[in-house]
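# Remarks on the overall topology
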Amino acid sequence: MMTEYDLITIIGPTASGKTSLAAALAARMDAEIISGDSRQVYRRMDLGTGKDLADYVVDGKQVPLHLIDVAEPGYKYNVFEYQRDFLRAYEDIRHRGKMPLLCGGTGLYIEAVLKGYRLIPVPENPELRERLADKSLAELTDILAGYKQLHNTTDVDTVKRAIRAIEIEEYYLRQPVDAREFPAIRSLLVGVDIDRELRREKITRRLRQRLEEGMVDEVKRLLEEGIAPDDLIYYGLEYKFLTQYVVGQLSFDEMFHGLETAIHQFAKRQMTWFRGMERRGFTIHWIDATLPLEEKVENILALAGDVNASNER
């Protein structure tokens, strides 16, 4: 079993339970997990990015993890760097005879490695940034929607991120794509399908839990390290709203309800991206999030066997 695949990929919106599923599957297969999350790359940004590190300990054993905690807060890690770092981790795991298991919710990162998009590093464009500086997030989002290239709409919930996304698109319009080699990867792609109302309920419960666990203190510590508020706000979602609360721009209730709404919208955008992947030729095998964990693991293993068998016929 599994001989047809170089990789298993598990995707799903936030709060769908994909992390615990990936960890249980990895423990069962003696596999290693590569994170596919654009914010979990940052050290000391744990609660705000929902790393759920305890989920990676299965039956008292730590499942090996890659591409979590690889960059410092304040740095603007990008998809080009992710492709590079993914490939290093992927080849290392394969070289050691293990199965890599990619798990995450950042559709752009997942798609960039599964399709092997040829990307180049994009420098800052001061003139373009100045031209866009006075535009609202809604106006920037409309501009971004006009490009035909693949771009990260999932995480664009701050003005700075939207401007950076436009900067990348403009650069790609004018530059030849680098002939950088990226291997073809055969991946079984599994999606965790969670009902919208259940997802909303879990998001709210999880947000309350992370606040109780000290998410506000996490942001305060990052600011005390000397990270500029604008640099934290750049990361969006929790770091945007919690930073605005800590510096006195929002009340606690404004922060909580604004963040809750933003996370619901983010999960919706994630699902929109995954549906778009299906339109772009990906086959996603959806598994019901409400099934018992062990049943979900068995379903993936059986699915892998069934698909392999059909490939051989």
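See the structure above.
No experiment lies behind these values; they were computed from the predicted model shown.

Conventions and cut-offs
Residues numbered from 1 in each chain as written. Predicted model: local features only at pLDDT ≥ 70, side-chain atom pairs only at ≥ 80, totals over all residues. Heavy atoms only, no water. Helix = DSSP H or I, 4+ residues; strand = E, 2+ residues; numbered from the N terminus. Contact = heavy atoms within 4.5 Å. Core = buried A, V, L, I, M, F, W, Y, C linked by side-chain atoms within 4.5 Å. Buried < 20%, exposed > 50% of the residue type's maximum accessible area, 1.4 Å probe, protein only. Axes fitted to C-alpha atoms, helices over the stretch in contact; angles between N-to-C directions. Parallel < 35°, antiparallel > 145°, perpendicular 65-115°, else oblique. Left-handed = near helix turned anticlockwise from the far one by under 90°. Phe/Tyr/Trp six-rings, centres within 6.5 Å; stacked < 30°, edge-to-face > 60°. Lys NZ or Arg CZ within 6 Å of the ring centre and 35° of its normal.

### Regarding the environment of Gln62
Among the secondary structure elements, Gln62 is positioned in strand β4 (residues 61-62). Expressed as a C-alpha distance, the spacing of Gln62 and Ala23, which sit 39 residues apart in the sequence, is 9.1 Å. Here Gln62 is in contact with Tyr56 and Val57, once residues within four sequence places are set aside.

### Structural notes on the nonpolar core
Among the nonpolar cores identified, the biggest contains 61 residues, and Ile34, Tyr82, Phe86, Leu102, Leu211, Leu232 and Met277 are the most heavily contacted of them. Going through the elements one at a time, β1 (7-11), α2 (79-95), α3 (107-114), α7 (196-212), α8 (215-224), α10 (237-246) and α11 (252-279) are the ones with two or more residues in this core. No other element matches the eleven residues that α11 contributes to this core. Filtering out sequence-adjacent residues up to four positions away, Phe86 remains in contact with Leu7, Ile34, Leu67, Leu102, Val113, Phe182 and Ile185. Counting residues in each nonpolar core, the second largest holds 29 residues, with Ala31, Val58, Leu101 and Ile287 among its members.

### Thoughts on the packing of helix α5 (residues 137-145) against helix α6 (residues 159-174)
It is the contact of α5 with α6, at a shortest axis distance of 9 Å, that shows an interaxial angle of 25°. Classified by the angle between their axes, α5 and α6 sit roughly parallel to one another. Considering how the two elements wind past one another, α5 and α6 form a crossing that is left-handed. The residues of α6 that touch α5, namely those facing Leu137, Leu140, Ile143 and Leu144, are Val159, Ala162, Ile163, Ala165, Ile166 and Glu169.

### Considering the packing of aromatic side chains
Using the criterion set out here, one finds six aromatic pairs in the structure. Seen from their ring centres, Tyr42 and Tyr235 are 4.6 Å apart, and the 50° between their planes marks the pair as tilted. With Tyr42 in the loop between β2 (32-35) and β3 (57-58) and Tyr235 in the loop between α9 (229-233) and α10, the pair connects residues that are 193 residues apart, well separated along the chain. Here the aromatic residues Tyr82, Phe86, Tyr90 and Tyr109 are joined through ring pairs into a cluster of three or more. The ring of Tyr234 carries the charged tip of Lys76 above its face, separated from the ring centre by 4.7 Å.

Worth remembering: the numbers are spatial, not functional.
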